[in-house]
2 protein chains.
Amino acid sequence: MTGDDGREAAGSRRTLEQEERWARVAWSFLAEPRSGPLTRLLEESGAVDSLARLRAGHLRQREGWEARLPDLRVDDLAHATRRQKLKVLVPGDDGWPAGLDRLEHPPYCLYVRGARSLADVVERSVAVVGSRAATEYGMRVAADFADGLVSRGWTVVSGAAYGIDAAAHRAALAGNGATVAVLACGADRAYPSSHRGLLDEIAAGGAVVSEVPPGCAPFRSRFLARNRLIAALTRATIVVEASVRSGSLTTAREARTLHLPVGAVPGPVTSMGSAGCHALVRETGAVLVTDAAEVAELAGRIGEDLVPDRPVPPRSPADDLDPLSYSVWSAVPVRGGAPSERLAVTAGVPVARLLGVLAALEADGLVVREAGTWRKVSPRRGELER
Amino acid sequence: MTGDDGREAAGSRRTLEQEERWARVAWSFLAEPRSGPLTRLLEESGAVDSLARLRAGHLRQREGWEARLPDLRVDDLAHATRRQKLKVLVPGDDGWPAGLDRLEHPPYCLYVRGARSLADVVERSVAVVGSRAATEYGMRVAADFADGLVSRGWTVVSGAAYGIDAAAHRAALAGNGATVAVLACGADRAYPSSHRGLLDEIAAGGAVVSEVPPGCAPFRSRFLARNRLIAALTRATIVVEASVRSGSLTTAREARTLHLPVGAVPGPVTSMGSAGCHALVRETGAVLVTDAAEVAELAGRIGEDLVPDRPVPPRSPADDLDPLSYSVWSAVPVRGGAPSERLAVTAGVPVARLLGVLAALEADGLVVREAGTWRKVSPRRGELER
């Protein structure tokens, strides 16, 4: 970092490579995410030893890791992370989110843009994901959910894509909440590029995260790998809108694999944009969710985030009547009034019993007596409609 | 039927009352539907004996049945049913639908308008119900479902109300299918009155059914009673659109009580009209259904009415690649072309292995070689979007 002295740079490289942290950074450059052989190798031998063996040609695996070896400059990577103000996290770091350790193939390391501890930011978080080609309905619901989640103290995690992802991030920011974007490219890059400003805002109060080194481009396989991080970082994954081919369904699948709850937002059956959500509910047991309270309940701990009793439309007082009183009440006309003899026939109740029931209904304010006839007190809104 | 001779009428009355069928008709006049005491009485003593005991003042029950006795004219009821071309069905009749016997409180008898055997018409039927205050979306879905059901040979049963019910009946008729309306008033009446023509059409090819005698008005308690008949007559109940206070939810509850499948159609979470359907899925385990094929599967017998494999959007050929081939394919640019050395670095695969993979991809038509460089064959529609 102090100049162009080749020997110093070489010395720096050796020193860094001898640290487990920077050896993991090296591996994130050499190998694509989700390599089973590398995951085993790092577990068994650690990153420093494995890297030394790779350099010495002693690794039996034929994974093509050596193809990128000539281009590996750990000191350049270290320089780039510092220049881009990226933190490097490795397993065991304070900021390393525990959820990542549940993955079959955890990231070799993470690159994080943002000042806060990533583990803290995602401690109580929900993934809100969905189609890039979202409808206005989907965008509105994503925003409503994100707003409701941050107002309940939840962090919103998503992928910073067009459509649902962006709507969720933006609403979280608008609600002064924390939000985290997990990228398929380097955490220094903006993908899509028009989301540069959005990503800056996300980093300011939350985090922008990636498992590939700064400068890396987003491949399709990296999008799929990225989706498992979104699932693993959060307590539940909510798919707001998704066609049956939407990549957000892979995020749901990853959550399911991790035994984390998956929620899906229904929409019109006439909209292809909701077909993936409906398939999640029908075929995978995803929970149908209709608002942020239900999401919080799904993601929350039992007894902690239960949906509050929601306002129910006003009930008719008649809802609580016993069957006899109900029959009598039903027989009383709304207009015109009817004498008790007629009501006895209509309701099928003897006059002697009828009068007692009518008196009780009158006391409840459900019927009134006028000039020897009975009529209902005008019906209320919100009655059962049939 | 032959004149005003009082003695002949009295004789006719006695004769009819001494038949179990007409004694049940008498009971349907004297008692409201769903009377537990009457259900037990009919089971234990039959309708004729019970009626004789009521007339003799020997019944202990204080249900108010005697209040309507002075108005009971069985011969008038018989005359009215004939004049209105109503069939009377009682348990044991050929046309009596077996599903009704599963009810805790079966109807005392049924009044049916329509030439066909009711049991035949509902043998393979689905209830399609929902809000009167339906949205255009709900009306469209009800029509789509009913059309798809009758085209598969299912009868559509509903309640002839405004909104979802009417849309379902009308689409069934338009598809030349059978449809059955179950009314809360007498089967001779039109409720709502503007549905007179619709009910005539329904009766012509299917049936209009009620458990209350001709001429009777629809009370609210009779609507609720009617809903249990809709559930019991069919193999599944589908709620297309329902607010959380919709009466159609009681039809779903009756179906659940009978251990019959319940389906609910999702809609926008922003629509109060779908909130009842979403609550059915969330809270009662109703199956989310999005089209008629799924309804037929829900209502059908295992192995008979399975949803056919639905057309899936075209997959990318790349979907089926092994991970190594996939990495290589991902690394190949769409435009410009790249030499194999560069691809080896990008994909992280040794050149020696890379060339074999590229040759296989070329054979699959996924990449092409041009002037020593490789590029992707232009990507297809329908690819995973992220």
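Remember, predicted model here, so these are calculated numbers, not experimental data. (Residues numbered from 1 in each chain as written. Chains lettered and ligands numbered in written order. Predicted model: local features only at pLDDT ≥ 70, side-chain atom pairs only at ≥ 80, totals over all residues.)

Superposing chain B onto chain A takes a rotation of 180 degrees combined with a translation of 0.0 Å along the rotation axis, leaving an RMSD of 0.0 Å. What the superposition gives is, in effect, a two-fold axis relating one chain to the other. For chain B, the smallest separation between a C-alpha atom and the rotation axis is recorded for Gly267(B), amounting to 2.3 Å. Here 100% of the interface residues in chain B have copies in chain A that are interface residues too; the copies meet face to matching face. (Least-squares fit on C-alpha atoms with pLDDT ≥ 70 in both. Contact = placed C-beta atoms within 7 Å.)

Residues and elements named next belong to chain B. Here we have 9 strands laid out as an open sheet, ordered S1-S2-S6-S5-S4-S3-S7-S8-S9, and mixed in their pairing. A strand with exactly one partner marks an edge of an open sheet, and here the two such strands are strand S1 (86–89) and strand S9 (287–288). By the bridge criterion, 3 bridges tie strand S3 (residues 125–129) to strand S7 (residues 237–239) in an arrangement that is parallel. Paired with Val 128 across the strands is Ile 238, a residue of S7. Its contacts with the sheet put helix H7 (residues 164–174) on S3, strand S4 (155–158) and strand S5 (179–182), and the angle it makes with S4 is roughly 155 degrees. Along the sheet, helix H10 (residues 248–257) makes contact with S3, S7 and strand S8 (262–264), crossing S7 at roughly 150 degrees. (Pairing = 2+ DSSP bridges. Helix = DSSP H or I, 4+ residues; strand = E, 2+ residues; numbered from the N terminus. Axes fitted to C-alpha atoms, helices over the stretch in contact; angles between N-to-C directions.)

All names here are of chain A. If you trace the 9 strands from one edge of the open sheet to the other, you get S1-S2-S6-S5-S4-S3-S7-S8-S9, paired in mixed fashion. Sheet topology places strand S1 (86–89) and strand S9 (287–288) at the edges, where each strand pairs with a single neighbour. The pairing of strand S7 (residues 237–239) with strand S8 (residues 262–264) spans 3 bridges and is classified as parallel. Across the sheet, residue Val 239 finds its bridge partner in S8, namely Ala 264. Packed onto the sheet, helix H11 (residues 275–284) meets S7, S8 and S9 and runs at close to 130 degrees relative to S8.

What follows concerns the interface of chain B and chain A. If you look at the interface, chain B gives 51 residues, while chain A gives 51 residues. At the level of secondary structure, the elements contributing two or more residues to the side of chain B that touches chain A comprise helix H6 (136–151), helix H9 (220–233), helix H11 (275–284), helix H13 (323–331) and helix H14 (340–347) of chain B. Considering only residue class, the side of chain B that touches chain A consists of 25 nonpolar, 13 polar and 13 charged. (Nonpolar A, V, L, I, M, F, W, Y, C, P; charged D, E, K, R; others polar.)

Here the focus is helix H3 (residues 36–55) of chain A. Residue and element names in this part refer to chain A. Between its terminal C-alpha atoms H3 stretches only 20 Å, short of the 28 Å expected from 20 residues at 1.5 Å a residue. At Gly 46, H3 shows its maximal bend, which comes to roughly 105 degrees. Within H3, the full set of buried residues consists of Leu 38, Leu 41, Leu 42, Ala 47, Ser 50, Leu 51 and Leu 54. With its phi angle positive at about 75 degrees, Gly 57 sits one or two positions after the end of H3. (Expected span 1.5 Å × (residues − 1). Bend = angle between axes of the 7 residues up to and from the residue. Buried ≥ 20, exposed ≤ 12 C-beta atoms within 10 Å, placed from the backbone.)

Moving on: the environment of Val262(A). Residues and elements named next belong to chain A. Residue position: Val 262 is located in strand S8. Spatially, the C-alpha atom of Val 262 lies 17 Å from that of Gly 159, the residues being 103 residues apart in sequence. Residues in contact with Val 262, not counting those within four places in the same chain, are Ala 236, Thr 237, Ala 252, Ala 255, Arg 256, Leu 280, Ala 286 and Val 287.

Residue and element names in this part refer to chain A. Along strand S3 (residues 125–129), 5 of the 5 residues are buried, which leaves the element largely enclosed by surrounding structure. Residues Ser 125, Ala 127 and Val 129 line one face of S3 and the alternating positions Val 126 and Val 128 line the opposite face, and both faces are buried. Pairing geometry for S3 and strand S4 (residues 155–158), over 3 bridges, is parallel. Bridged to Ala 127 within S4 is Val 157.

Here we take up the packing of helix H2 (residues 20–30) of chain B against helix H4 (residues 74–83) of chain B. Packed helix pairs are specified by the crossing angle of their axes together with the interaxial distance, meaning the distance between the axes. Residue and element names in this part refer to chain B. Their axes nearest at 10 Å, the elements H2 and H4 cross at an angle of 95 degrees. Taken together, the axes of H2 and H4 are roughly perpendicular relative to one another. Residue-level contacts link Trp 22, Val 25, Ala 26 and Phe 29 of H2 to Val 74, Leu 77 and Ala 78 of H4. When the residues that make up the contact of H2 with H4 are grouped by side-chain class, the tally is 7 nonpolar, no polar and no charged. (Parallel < 35°, antiparallel > 145°, perpendicular 65-115°, else oblique.)

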